[in-house]
Number of protein chains: 2
Amino acid sequence: MNEPTRIQRRNRDAILEAGLTVFSQYGFRGTTLDQIATEASLSKPNVLYYFASKEAIYIALLEGLLDTWLDPLRTLDADGDALHELMSYVTRKLEMSRDFPRESRLFANEILQGAPHIHGALTGELKSLVDEKAAVIEAWAAAGRIRPVDPHHLVFSIWAMTQHYADFDVQVQAVLGGRDPYPGALAHVTMLFERLLTPD
Amino acid sequence: MNEPTRIQRRNRDAILEAGLTVFSQYGFRGTTLDQIATEASLSKPNVLYYFASKEAIYIALLEGLLDTWLDPLRTLDADGDALHELMSYVTRKLEMSRDFPRESRLFANEILQGAPHIHGALTGELKSLVDEKAAVIEAWAAAGRIRPVDPHHLVFSIWAMTQHYADFDVQVQAVLGGRDPYPGALAHVTMLFERLLTPD
DNA sequence: GTCTATAGTCTGATAGAC
DNA sequence: GTCTATCAGACTATAGAC
């Protein structure tokens, strides 16, 4: 086994970068190898020299990004200040939507279509992580650090509200007439969860 | 122009019904005419006897459903009780996610991929309606009937939180381990918006 | 109105020269 | 490693018999 050369690494990265752009916009089936090749400035057979198939590119992307995507939740610290930990999570998730919209849409496309390629990760890795953090949130609520709340549905609402701005960006832009949604979104979402969670 | 016969109406409806099922699961490009034909128990050329093209079926679905989908927002009554009107809207939207998940996913797929077929309706019909209702919400807030809130972002959060349960159902099911999400969702979402909107 | 057969196009993947 | 050429299969849509 040889180490990958600089060229190999550069081309692999270019393909993944191009794949992220195109898959996130058109979904798996809506994307063609030609689009990826053009976006990566490579020929179609050359793309298939680095990856065995179109599906291999897609799966490499999903697997490589899942950890990054779940990282903010993993960071939630049971020993930290409850309200501050949760508000930091909300803020980080919204910033990720703003700064990495392609990643958000890639997962949204995959899940919307039934998660055929990562269903195992949802029932395994994802469920475990959410269950673990749900227990932390429940303990915080029991200790009176935050108001009582269903921890699983709290997580769903944070996901829903933050990822909405990336996934449905076209609609948000249409309704706002092109104004930048993020300053308002940050203020609104922060206020919403602060009111929900702050004890009386 | 003749009236459509019963058979014509029945077949057209069967195609639209089948299209809704398949398009909402696989998106426009991910869906084949064969899938629609099989689902509708018709032959492929027979499907194209009723609709000029695959795209025509898709557009007929989107246009036919947009009004229905926006109806709960249109119902928001400026002369009603502010909090009650908004909570009814939240509840109705969540019930629609539960009862019409295919419709929700059809729009989600379309918007996620940049709304190539209904972009005009977003900047026209949808924006007008939201702007109109945003003014109503702002007036309620100014009158002290609800807490001050950015009306556009309020609408986004209602859409995000309610449609999440339909659009990302696979993920919700995976995390909850198959438990029915809706009883908990209704309680959580209702509580969340009540706390956000109820004046002190 | 509905079918079989098929035209014509697109696309994923491979062969083979360089 | 990268390219040109191309195959095989899938797909939308049409032609034409019944």
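Fair warning: this is a prediction, and the values are worked out from it, not measured in the lab.

Rules and cut-offs
Starting afresh in each chain, residues are numbered from 1 along the sequence in its written order. For naming, the first written chain is A and the first written ligand is 1, with later ones following in the order written. In keeping with the predicted nature of the model, local features appear solely for residues at pLDDT of at least 70, side-chain atom pairs appear and are counted solely at 80 or more, and the whole-chain, interface and lining totals rest on all residues. Neither water nor hydrogens contribute to the side-chain values; these are computed over all heavy atoms in the structure. We count a stretch as a helix when DSSP gives it H or I for four or more residues in a row; a strand needs E for two or more, and each element gets its number in order from the N terminus. A simple rule labels every residue: compare its accessible area, found with a 1.4 Å probe on the protein chains alone, to the largest value its type can have, and call it buried under 20%, exposed over 50%, or partly exposed in between. Here a residue is near a molecule or strand as soon as one of its heavy atoms is found within 4 Å of it. What qualifies as a polar contact is a pair of N or O atoms within 3.5 Å, subject to a donor-acceptor requirement within protein and to the restriction that residues adjacent in sequence count only when both atoms come from side chains. Three classes are used, and their members are as follows: Ala, Val, Leu, Ile, Met, Phe, Trp, Tyr, Cys and Pro are nonpolar, Asp, Glu, Lys and Arg are charged, and the others, Gly among them, are polar. Should any heavy atoms of two residues lie within 4.5 Å, those residues are considered in contact. Copies overlap after least-squares fitting; the atoms used are the C-alpha atoms of residues with pLDDT of at least 70 in both. Put simply, buried area is the surface a 1.4 Å probe can reach on two separate parts but cannot reach once they are joined, added for both. For this analysis, a salt bridge means a side-chain nitrogen from Lys or Arg found within 4 Å of a carboxyl oxygen belonging to Asp or Glu. Where each domain begins and ends is defined by an automated method or by a domain database.

## Some points on the overall build of chain A
Across its full length, chain A carries ten helices and zero strands. Helices and strands appear in chain A in the N-to-C order α-α-α-α-α-α-α-α-α-α. Projected onto its principal axes, the C-alpha coordinates of chain A cover approximately 65 × 45 × 30 Å. The buried share among the 200 residues of chain A stands at 52%.

## Brief notes about the protein's contact with DNA strand C
Near DNA strand C, the surroundings consist of 18 residues, among which L33(A), K54(A), Q8(B), S43(B) and Y50(B) are the closest. Taking K54(A), its main chain carries an N or O atom lying 2.9 Å from a phosphate oxygen of DNA strand C. Take R29(B): an N or O atom from its side chain is 3.1 Å from a phosphate oxygen of DNA strand C. Looking at the surface near DNA strand C, its residues break down into seven nonpolar, eight polar and three charged.

## Considering helix α9 (residues 169-176) of chain A
For α9(A), the complete set of buried residues consists of Q171(A), V172(A), A174(A), V175(A) and L176(A). Taken together, the buried residues of α9(A) touch α8 (151-167) of chain A together with α6 (101-112), α7 (119-142) and α8 (151-167) of chain B. Two residues or fewer past α9(A), G177(A) is found with a positive phi of approximately 65°.

## So, the relation of the copies chain A and chain B
Mapping chain A onto chain B calls for a screw motion: a turn of 180° about the axis and a shift of 0.0 Å along it, with 0.0 Å RMSD after fitting. Here the symmetry operator amounts to a two-fold rotation axis. Residue A160(A), judged by its C-alpha, is the member of chain A lying nearest the rotation axis, at 2.6 Å. Mapped onto chain B, 98% of the interface residues of chain A are again interface residues, and the two copies thus contact each other with one and the same surface.

## Details of the interface of chain A and chain B
On the side of chain B, 55 residues touch chain A, which itself brings 56 residues to the contact. Between chain A and chain B, the buried area comes to about 4900 Å², and carbon and sulfur atoms account for 67% of it. Here chain A and chain B share two salt bridges between them. The salt bridge partner of D200(A) is R195(B), with a shortest N-O separation of 3.8 Å. Between the two partners, chain A and chain B, sit 15 residue pairs in polar contact (both at pLDDT 80 or more). Where the side of chain A that touches chain B is concerned, the elements lending two or more residues are α1 (6-30), α6 (101-112), α7 (119-142), α8, α9 and α10 (182-197) of chain A. When residues of the side of chain A that touches chain B are assigned to their parent elements, the largest contribution, eleven residues, is made by α8(A). Residues belonging to the side of chain A that touches chain B are distributed by class as follows: 28 nonpolar, 18 polar and ten charged.

## Regarding the protein's contact with DNA strand D
Around DNA strand D sit 18 residues in total, of which Q8(A), S43(A), Y50(A), K44(B) and K54(B) are the nearest. Each atom of DNA strand D within 4 Å of the protein was classed as base or backbone; sugar and phosphate made up 67%. Between DNA strand D and N46(A) there is a distance of 3.2 Å, counted from a sugar or linking oxygen to a side-chain nitrogen or oxygen. Counting residues per element, the ones that place at least two in the surface near DNA strand D are α1 and α3 (44-50) of chain A together with α3 (44-50) of chain B. Residue composition of the surface near DNA strand D, grouped by class: seven nonpolar, eight polar and three charged.

## Section: the domain arrangement of chain A
Residue and element names in this part refer to chain A. Taken as a whole, chain A is organised into domain 1 (1-52) and domain 2 (63-197). The distance between the C-alpha centroids of domain 1 and domain 2 comes to 29 Å. Opposite the seven residues of domain 1 that make contact, domain 2 presents seven residues. Interface area for domain 1 against domain 2, summed over the two sides, is near 630 Å², with a carbon-plus-sulfur share of 60%.

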